[in-house]
Amino acid sequence: MKSRREFLKDSLLTGAGVTLTAMGLPASSYARIIGANDRVNVGLVGFSDRARQTLLPCFFNNNKELNFDIIAVSDIWNRRREEGKAFLQNKAGHDIKACINNDELYKMKDLDAVIIATADFQHAFHTIEAVGNRMDVYCEKPFAETMDDARKALKAVKASGKIFQVGTQRRSGDSYHAANNFIKEGKFGPITMVEMTWNVNQPGRWRRPALVNEIRESDTDWQRFLAGRPKDKWDPRKYLEYRLFWPYSSGIFGQWMTHQIDTVHWFSGLKHPRTAVANGGIYMWKDGRTNADTITAVFEYGPENDPTSGFQVAYSSRFSNSAGGTKEMYYSNGGTIDIDKNKIAPTGGLTEREAQEMGLHANLLPEMTLSTNETKVATSANMGGDPLTNAHMRNWMQSVRDRKPTNAPIEAAYSHSIALIMANAAFRTGQKATFDEVNQEVIVGGKPFLL
């Protein structure tokens, strides 16, 4: 017979995704009511490279000023759990509780919030767990790789009333805020095209060969790791190099495209693409991976009530040559916004003379800098405590303190999930993907895209 805790958890994860409060039942752990001067106690879910190299340095850049502390780490792999405990004790200067899983973590009565830095496909699952246990949440992206996960997590977070931030840190960058304001104020004119690239030459990116040789199934909890994915036999590569394998990750779409496609939703006010097509393959790194090392996706965006207007987004990425690097270019009839160069320019825009000859109005853009506080995007595997993530982490912490919405709330997480699932569906089926607004499903070949 199931315990009360197990029953409540099952209701969250396999039912409609509602919180314990919405069910009229008490939470399995009672969150403290945080006063204006109270310390906010945080737990880390997953001592990953991302957590160690970037999220935690950013947290510790701001925790003293904002009166935050970290008191626990949860990781199902014994090696990471102990490494996390030692790392955090050194940084925090006090004892850290090392939890074998999240069930143990959420028994802590003085825990207020969590930072989730687990595998891509686990983010929505762990978010539902967290808000169901009355936690405020900072969750790494991508938010969800299936619509089922996305819908349940969206509903759980919205019903919980908890503070949530997804890790699309461009939303906390000054250059990006300046571009958003310029477009929203009508100065740019209608967006006609967006071009985005993310190119690297990193054969070791997402590979962990040394650790793959060292980990044993007995060191961790493989069944808990699967977190709702289909039953599978133990595979250390899927555990440690999950970004290379579907359905544990969509690869490039989830890891990189989500950052850039999120700005399209933000700047345009649109929730998701109308359509997506994609093509690519494993052209260089034939190491057993199943996710592409080179890929291109093309989206159409536009308002639901006006199919005659809209714009195209072209996204491409490769692992085998870094020429071109990252690029985020927004085009209108009046010119160009080059976010990577922090510039607005009339480049490519209709000139005054051309407009007069055609009897049109020219909206020639000025040559100007987007922001005096330019925030460059880091693309290396180890980003360190980069300025964008630091600003994003601080925004979450301040929002927890003030009980105000974050820069990248749950709606932003849900939207980027739709786009990446559409691109992934198009790539894996070779068909055009669309979105069923009524049922909130990604559609390919006349049916929902499922695992």
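Residues numbered from 1 in each chain as written. Predicted model: local features only at pLDDT ≥ 70, side-chain atom pairs only at ≥ 80, totals over all residues. Heavy atoms only, no water.

Engineer: Tell me about the pattern of salt bridges, and name the residues and values.
Structural biologist: Side-chain pairing between opposite charges can occur once the charged atoms of the two side chains come close. Going through the model one piece at a time under the given rule, you end up with 30 salt bridges. Among the ionic pairs, E328 bridges to R170, the shortest N-O distance being 3.1 Å. Placement of the pair is E328 in strand 11 (residues 326-332) and R170 in the loop between strand 6 (164-166) and helix 7 (174-184), with a sequence separation of 158 residues. The class for E328 is buried, based on a relative accessible area of 3%. Between E300 and R274 there is a salt bridge; the shortest N-O distance is 3.7 Å. (Salt bridge = Lys/Arg side-chain N within 4 Å of Asp/Glu carboxyl O. Helix = DSSP H or I, 4+ residues; strand = E, 2+ residues; numbered from the N terminus. Buried < 20%, exposed > 50% of the residue type's maximum accessible area, 1.4 Å probe, protein only.)

Engineer: Can you tell me about the side chain of E140, naming the residues and giving the values?
Structural biologist: With respect to the helices and strands, E140 occurs in the loop between strand 5 (136-139) and helix 6 (147-160). Given a relative accessible area of 6%, E140 falls into the buried group. There is a polar contact of 3.0 Å between the side chain of E140 and the side chain of R50. Residues in contact with E140, not counting those within four places in the same chain, are R50, L55, I116, A117, H123, V166 and G167. (Polar contact = N/O pair within 3.5 Å; in protein donor to acceptor, adjacent residues only side chain to side chain. Contact = heavy atoms within 4.5 Å.)

Engineer: Residues and numbers for the side chain of N180, please.
Structural biologist: Along the polypeptide, N180 turns up in helix 7. For N180, the contacting residues outside a window of four places in its chain are W266 and F267.

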